[in-house]
Amino acid sequence: MAAAPVPDHDPDAIYDGKTALEHADYLDNPRSLRRRMALQALGEMGVDALPAREDVRFIAQHGGSADMTDAATDELRLGALSLLIAMQAPEAEDMLRQQLLDPEAMMRADTYRHLLAGAGQIGIDDDTLRHDLLALVDTAPEHASHLMVLDTLEAGVQGPLQEAIFNSDHDQSAIQHFLAHLPELEFLTDADKVAYVAQHHSLAEGQSNQTRDVLVAIGTDPALDLSLEFDAERGFARHQTISRFAAGPMPVQQVAGHLLAEARAQSSEQEISHVLSSFEGMVRDLAADAPSTQSRTEYQQIFTRANSDLIEEGPTDAHRTVGIQRQVLYLQRHEDLRLASSLDPIFDLLESGGSSPAVHNAAARSLRQTPARIAERDPQYFIDRSLALLWESSTPELAELPLHLLTSLIRTPDNVDVVVDTIADQIDPYLESWVMNPATAVVMHSGTLRGLDHSPVRETAAGVMGKAIASPALDMEYLLPHFARGGAALAFLEHNTVEGVIAVFTPAIFASEKPDTYLFNMDSFMQPMLGRPAWLQRDPESMAEWMEFLDRVVALDDPDFSPVARQARDALQ
């Protein structure tokens, strides 16, 4: 080595008042400060420190005095080796390689981390280092494992070294290393990785948090099964384990399927709700990191579809009940979700009539909570579904829920005309069915609202009420309270237009076939015809329309209607 050529340098160079050899005299000084100062001075001299090369090499090989601590000895030898590199001593690379491969070279195991860093610093290429370390797997397997677990090597060296050690007998430190790095070991299949964790169950269990992260990173069903086994031993809820797998490569839909299966496997409402809470939390975290609004909505729809599955096909009433409750609650919290996909299962269940009383009541309670708030993102959908439910009603009890939903919507200014118009468009096929009574009650509720006098809404509502009055299915006992609250605003000229009031009277008065007796009180029905509001006197066009209507009624010569019409006409002339 001494005969190898050295780079050009100044053999008489001085730094800080001393030559290289004079600085080297302090390398084995018992005082650590003096040793460090000597190392620093020689390092500053660079190639001009070559005259001290023999002394530095001796220190690099043997260390300092015998009374030094292991840490001090390793520090000194590393410093000397670094000096050889800095002064471009030809033997530096070979000495570094020798010390790196010698398990006895350093007193402290962690010092090899610095040697590996030096290998990169001096420019030892990956091919050379890989050849050296792979040879260690056969000659000094424990030392090879130690260098591997330092996690300092470049991927081109570390990967082949890992594969070689994995495929040979290896010690506990290597096992722990592999357990921590299984997801990135490309030479193993996912099945091999899961099998390795299972094979070293006790060690994996001892580092449980790391093992859970590793299994999540593998992200297969067998990895999930094994993770569930580990977590069960530690008392973790299965749904918490499953939801964590959404953070790995397992597709979210697949994780959702496992959570849904877990929910279906529970028996009590509380247990089912716990699973769905984990499910919702998982979706919330995914949606929060979603790159776009569309992606966020897609994540949210995974949860609503799971609730829909429980509503439609839940194995017990408890599943259907919790599914309904969580679906409506989720809708209230997320205003960007579509109503149709979320509420169709609930309305379908209510319309079918095949659910148990408990499930039916749960659906009714959930929809009753805040119908106007839920409906505001798609009022027409909510109105259509509520009306479809109403048309299926045959008793006051069955009609009570859709009546409540529709009257809740009709109280909001933006929805009153939509509700009234939709009922007016749909009611004709049901005029001979009892169900037209609650539909009329909804429309009559508009008569209780302020600010609608003489409006198109009043006219349309009056037309519905007029058809109901003339219907053979009229149920006055049911409708009387509604007439009392809202009927006057639809029937009297003080509140409605001439066209609207005429619409109240026309179906009964001009019916082609009239009954022998009427289902309503004739005096109460005819009373609005005698009204003489002041506004009518000031509106010639409306007055002419009203007088023409009274003339038509008088001309009928009907004993029930014509006398009152004549009295009203005479009073206005």
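The following refers to the structure shown. What you see is a predicted model; the values in this text were computed from it and never measured. (Residues numbered from 1 in each chain as written. Predicted model: local features only at pLDDT ≥ 70, side-chain atom pairs only at ≥ 80, totals over all residues. Heavy atoms only, no water.)

## Section: the nonpolar core
One finds Leu42, Phe279, Leu343, Phe525, Met529 and Trp546 to be the most contacted residues of the largest nonpolar core, which totals 184 residues. Tallying contributions element by element places helix H4 (residues 70-86) first for this core, with eight residues. (Core = buried A, V, L, I, M, F, W, Y, C linked by side-chain atoms within 4.5 Å. Buried < 20%, exposed > 50% of the residue type's maximum accessible area, 1.4 Å probe, protein only. Helix = DSSP H or I, 4+ residues; strand = E, 2+ residues; numbered from the N terminus.)

## A closer look at the packing of aromatic side chains
For the structure on display, the rule yields 18 aromatic pairs. Considering the side-chain rings of phenylalanine 178 and tyrosine 196, the 6.2 Å spacing of their centres and the 85° angle between planes classify their relative orientation as edge-to-face. Of this pair, phenylalanine 178 sits in helix H10 (residues 172-181) while tyrosine 196 sits in helix H11 (residues 190-199), and the two are 18 residues apart along the sequence. Using a relative accessible area of 4% as the deciding quantity, one classes tyrosine 196 as buried. Ring plane angle 70° and centroid distance 5.2 Å describe the contact between tryptophan 434 and tyrosine 478, whose orientation is recorded as edge-to-face. Remark: tyrosine 478 occurs in helix H28 (residues 476-491) and tryptophan 434 occurs in the loop between helix H25 (413-426) and helix H26 (436-445); sequence separation between them is 44 residues. Members of the aromatic cluster, connected to one another through ring pairs, are Phe505, Phe510, Tyr518, Phe520, Phe525, Trp546, Phe549 and Phe561. (Phe/Tyr/Trp six-rings, centres within 6.5 Å; stacked < 30°, edge-to-face > 60°.)

## Details of the side chain of arginine 326
Within the fold, arginine 326 resides in helix H19 (residues 317-333). A relative accessible area of 10% means that arginine 326 is categorised as buried. For arginine 326, the side chain forms a polar contact with the side chain of serine 273, separated by 3.0 Å. When residues no more than four places from it in sequence are discounted, the contact partners of arginine 326 are Ser273, Leu276, Ser277, Glu280 and Asn307. (Polar contact = N/O pair within 3.5 Å; in protein donor to acceptor, adjacent residues only side chain to side chain. Contact = heavy atoms within 4.5 Å.)

## Observations regarding the packing of H11 against helix H13 (residues 208-218)
At their nearest, the axes of H11 and H13 sit 10 Å apart, and the two run at 165° to each other. In terms of their interaxial angle, H11 and H13 are classed as roughly antiparallel. Relative to H13, H11 is oriented so that their crossing is left-handed. On the side of H11, the interface is formed by Asp190, Lys193, Val194 and Val197, while H13 contributes Thr211, Leu215 and Ile218. Here the residues of the contact of H11 with H13 sort into four nonpolar, one polar and two charged. (Axes fitted to C-alpha atoms, helices over the stretch in contact; angles between N-to-C directions. Parallel < 35°, antiparallel > 145°, perpendicular 65-115°, else oblique. Left-handed = near helix turned anticlockwise from the far one by under 90°. Nonpolar A, V, L, I, M, F, W, Y, C, P; charged D, E, K, R; others polar.)

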